Structure formats: structure tokens, C-alpha cells
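Fold and contact review
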Amino acid sequence: MRTERPIEHLLTAADRGLRTLFAKPAPGRPSPASGVAESTLDESQRAHIAGLMRVNHAGEVAAQALYEGQALTARGDHVRTAMANAAAEETDHLAWCHERLNELGGRTSLLNPVWYAGSFAIGALAGLAGDRWSLGFVAETERQVVRHLDRHLHELETTDDRSTAIISQMKADETHHGTTAVRAGGRPLPAPVRGLMSLASRVMTTTAYRV
């Protein structure tokens with residue numbers, strides 16, 4: 001089997017980035033909201049939930065970029081494959097959030113290209129640090145994402161069943177990604193790194209809710 005050259009990996013990553021940002025995402029699995037009745041929402045509730053789903057969509061854009069950056073600089077093929085498999089599930093999340101935003105009359109974040117570029121660079125740096133650190137980065141990212149999704153589920157409790165169904169499945173997938181990364185040998189990150197990741201996440205989520 002022919003081994004891809006670095007330039008081919010880079011071109012593939014660029015193609016996937018453009019598709020993430022500008023193409024309609026195509027999910028591999030049906031939306032968890034399929035078959036769930038639409039809730040009765042007033043305009044204020046609809047606008048707030050659209051803001052939450054915009055944050056989640058932006059997070060999935062960032063997740064695609066992180067995995068692409070990490071895959072590009074991964075040392076082992078098994079790590080590259082693991083990143084690709086996780087990215088496929090994240091594509092489902094991207095598509096589900098995009099669809100729900102349309103249903104709510106919302107829009108995606110205007111800063112998605114910024115989130116993508118920054119996350120790709122961070123992912124590439126994590127990969128350069130070594131596969132075990134890169135896997136540890138995945139595990140910590142997913143732990144923080146699960147906490148974030150828990151907050152959204154608490155806010156949406158008994159308010160919006162369709163969005164709740166989507167976020168619940170996203171949480172289950174993210175938990176699985178984190179567990180898989182630890183089992184694959186991910187190293188726990190130092191506390192200062194975890195703190196910086198949490199700060200960056202708060203900046204992105206606060207900004208994406210509005211912009």
C-alpha cells in the first residue's frame with residue numbers, strides 16, 4: 001500500500017477544512033431528534049436555544065480542526081486512524097447542530113473560520129508533542145466538552161426535546177471519545193494546560209453565543 005506524502009496529508013486536511021466551513025455537512029447517522037416532536041417555544045426561548053446550538057456548532061467546527069491538526073502531525077498510524085474515526089462522529093454532531101439551527105431560525109457563528117484556524121494550529125501542536133500527549137489532549141478536551149454539554153442539558157430540561165435529544169447523543173459520543181483516548185495511552189495534562197484550555201473554551205463559547 002502506497003504511503004501518502006506529507007504534502008498529500010496537508011492537501012487532504014485543507015480540503016476537509018473547506019468542506020467543514022463552507023459545505024453542508026452530511027451525517028452518517030440520523031439525527032437523534034428524528035421522530036421527536038417540536039416543543040412550543042416563544043421567541044425569547046427560541047433565540048436563546050439558537051444561541052446555545054450556535055455555540056455547539058462552533059464547538060464541532062473546532063473539533064474537526066483539532067482532529068485534523070492532530071492527525072496531520074501524529075507519529076503513529078493507529079493514532080491518525082483514531083483521530084479520523086472520532087472526526088467522523090463529530091461530523092454527525094456538526095450536521096445535527098446545523099440542522100437544528102435552521103429549524104430554530106438561527107445562524108452559525110460568523111467567526112467559524114477563526115475557530116477552525118486556531119483549533120487546527122492547537123491540534124497540530126498537540127500532535128507534535130507526541131502521540132501520548134496528543135491523546136491526553138483529546139481526553140481532556142472531551143472531559144471539558146461533556147461538562148459544557150451538561151450545562152446545556154440542564155438549561156434545556158423540559159424546554160426543548162429536539163435539542164435535548166441531539167445534545168444527549170453528543171454527550172454520549174464525546175464521553176466515548178475521551179475514554180478511548182485514555183485507553184489508547186493518553187497522558188494526563190499538567191494543570192496549567194488544563195486551565196488554559198478551559199479559559200480558551202469559555203472565550204469561544206461566550207463569543208459564539210452572540211457572534
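Just above sits the structure.
If you're wondering where the values come from, they're calculated on a predicted model, not measured in any experiment.

Cut-offs used in this document
Residues numbered from 1 in each chain as written. Predicted model: local features only at pLDDT ≥ 70, side-chain atom pairs only at ≥ 80, totals over all residues. Heavy atoms only, no water. Axes fitted to C-alpha atoms, helices over the stretch in contact; angles between N-to-C directions. Helix = DSSP H or I, 4+ residues; strand = E, 2+ residues; numbered from the N terminus. Left-handed = near helix turned anticlockwise from the far one by under 90°. Contact = heavy atoms within 4.5 Å. Nonpolar A, V, L, I, M, F, W, Y, C, P; charged D, E, K, R; others polar. Core = buried A, V, L, I, M, F, W, Y, C linked by side-chain atoms within 4.5 Å. Buried < 20%, exposed > 50% of the residue type's maximum accessible area, 1.4 Å probe, protein only. Polar contact = N/O pair within 3.5 Å; in protein donor to acceptor, adjacent residues only side chain to side chain. Expected span 1.5 Å × (residues − 1).

A few points about the packing of helix α2 (residues 43-73) against helix α4 (residues 112-128)
Remark: α2 packs on α4, axes separated minimally by 7 Å, with the N-to-C direction vectors making an angle of 35°. Crossing angle aside, the handedness with which α2 passes α4 is right-handed. Taking contact as the criterion, the partners of His-57, Ala-58, Val-61, Ala-62, Gln-64, Ala-65, Leu-66, Glu-68, Gly-69, Gln-70, Leu-72 and Thr-73 in α2 are, on α4, Asn-112, Trp-115, Tyr-116, Ser-119, Phe-120, Ile-122, Gly-123, Ala-124, Ala-126, Gly-127 and Leu-128. Residue classes in the contact of α2 with α4 are distributed as 13 nonpolar, nine polar and one charged.

A word on the nonpolar core
In terms of nonpolar packing, the biggest core is built from 16 residues, with Ile-49, Met-53, Leu-104, Leu-156, Ile-166, Ile-167 and Met-170 touching the most fellow members. Contributions of two or more residues to this core are made by α2, α3 (77-104), α5 (131-156) and α6 (161-183). Aside from chain neighbours lying at most four places away, what touches Ile-167 is Met-53, Asn-56, Leu-149, His-152, Leu-153 and Leu-156. Residues Val-79, Leu-135, Ala-139 and Ala-181 belong to the second largest nonpolar core, which totals 11 residues.

A look at the side chain of Asp-92
Among the structural elements, Asp-92 can be located in helix α3. Reaching out from Asp-92, the side chain makes a polar contact with the backbone nitrogen of Gly-28 at a distance of 2.6 Å. Leaving out residues up to four positions away in the same chain, Asp-92 has contacts with Pro-27, Gly-28 and Arg-29.

Section: α6
Over its 23 residues, α6 extends 33 Å from the first C-alpha to the last, a length consistent with the 33 Å expected when each residue adds 1.5 Å. Along α6, the residues classified as buried are Arg-162, Ser-163, Ala-165, Ile-166, Ile-167, Met-170, Asp-173, Glu-174, His-177, Gly-178 and Ala-181. Buried residues belonging to α6 abut α2, α3 and α5. The N-cap residue of α6 is Asp-160: its side-chain oxygen and the backbone nitrogen of Arg-162 are 3.2 Å apart. Phi for Gly-185, located one or two positions after α6, is positive at around 110°.

By themselves, these figures tell us nothing about what the structure is for.
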